Structure formats: structure tokens, C-alpha cells
Amino acid sequence: QVQLVESGGGLVQAGGSLRLSCTASRRTFRSYAMGWFRQAPGKEREFVAAISWSGGSTYYSDSVKGRFTISRDNLQMNSLKPEDTAVYYCARSKAASTAVYTTQTNYDYWGQGTQVTVSS
């Protein structure tokens, strides 16, 4: 069974940066798309960014476009805002394909999450 572990969360001031990492327990995640989602207190979990298995395709939510950069193992977050405060989760897609997925139902393995808090 694949296990995903996020790291790199923490407390940062508005305008600052953080880099989240997602480590998989097995090499097989290399053939799958990866995604990042987040859940703020009292809100539903939402899509943040996704990347194809090759790294050649990426997709971002409008709220983070231009500030966040996804790679196969990391999520670089710049120009952070208080509204970015949430628990961030990485996930592996169900299918080993070239697609990029933005919906949670397309992912089957999830990490435990890492807290990101942005102070104003």
C-alpha cells in the first residue's frame, strides 16, 4: 500500500513563502498524477494544484495561480496570504495516465496533511 507523507508546513507571515514536500513510501507513485488540496477550518477540502506523471502538465486553482508552483515532489508557495491558511494534503491519482486531475474523486491515496498558517 502506498503511503504519502507531507512535510514543510508551519507558521509564516503574509507575503512569505513555504515549500511543502510530499514523500511516497513506494516508487510506483512516479507513474501517477499528483495533486495538492487544502481544507480551511469550517470549509470543504478544495483543489489547489495538480501535475501529470511526467511533470509536463500542471494545473492550478485561480486562487493560487501565479503564486504557487507544483513539482512532482513539492509545492512551492510564495506571496502567501492569510486566506491560504489550511491543512494541505497531497494525493496520488487512481489512474496511471497522462491526465491532470482536479477533482478529489480521481485520487485514491492521501497523506495525513500538514498545517499551513499565514498570519496577517
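Use the structure listed above.
Below you will find a few notes about this structure. (Residues numbered from 1 in each chain as written. Predicted model: local features only at pLDDT ≥ 70, side-chain atom pairs only at ≥ 80, totals over all residues. Heavy atoms only, no water.)

Looking at the environment of Gly56
Here comes step 1: Within the fold, Gly56 resides in the loop between β5 (46–51) and β6 (58–60).
Here comes step 2: Sequence spacing of Gly56 and Ser71 is 15 residues, and the spatial spacing of their C-alpha atoms is 9.7 Å. (Helix = DSSP H or I, 4+ residues; strand = E, 2+ residues; numbered from the N terminus.)

Some words on the state of the cysteines
Here comes step 1: Under the criterion given, the structure shown has one disulfide.
Here comes step 2: A sulfur-sulfur distance of 2.1 Å marks the disulfide that ties Cys22 to Cys90. The sign of the 65° torsion about the S-S bond sets the Cys22-Cys90 disulfide as right-handed. Of this pair, Cys22 sits in strand β3 (residues 18–24) while Cys90 is found in strand β9 (residues 86–93), placing the two residues 68 residues apart along the sequence. Grouping residues by exposure puts Cys22 and Cys90 together as buried. (Disulfide = S-S within 2.5 Å. Buried < 20%, exposed > 50% of the residue type's maximum accessible area, 1.4 Å probe, protein only.)

Structural notes on the nonpolar core
Here comes step 1: Core analysis: the largest hydrophobic core is formed by 26 residues, its most contacted members being Trp36, Val48, Phe68, Leu75, Met77 and Tyr88.
Here comes step 2: If you list the elements that add at least two residues to this core, you get β3, β4 (34–39), β5, β7 (68–70), β8 (74–77), β9 and β11 (114–119).
Here comes step 3: For this core, the element with the most residues is β3, which contributes four residues.
Here comes step 4: With near-sequence residues (within four places) excluded, Tyr88 lies in contact with Glu6, Leu20, Trp36, Phe37, Arg38, Val48, Phe68, Leu75, Met77, Gly113, Thr114 and Val116. (Core = buried A, V, L, I, M, F, W, Y, C linked by side-chain atoms within 4.5 Å. Contact = heavy atoms within 4.5 Å.)

Considering unusual backbone geometry
Here comes step 1: Positioned with a positive phi, Ser79 is a non-glycine residue whose angle comes to about 50°.
Here comes step 2: Its relative accessible area of 41% is what places Ser79 among the partly exposed residues.

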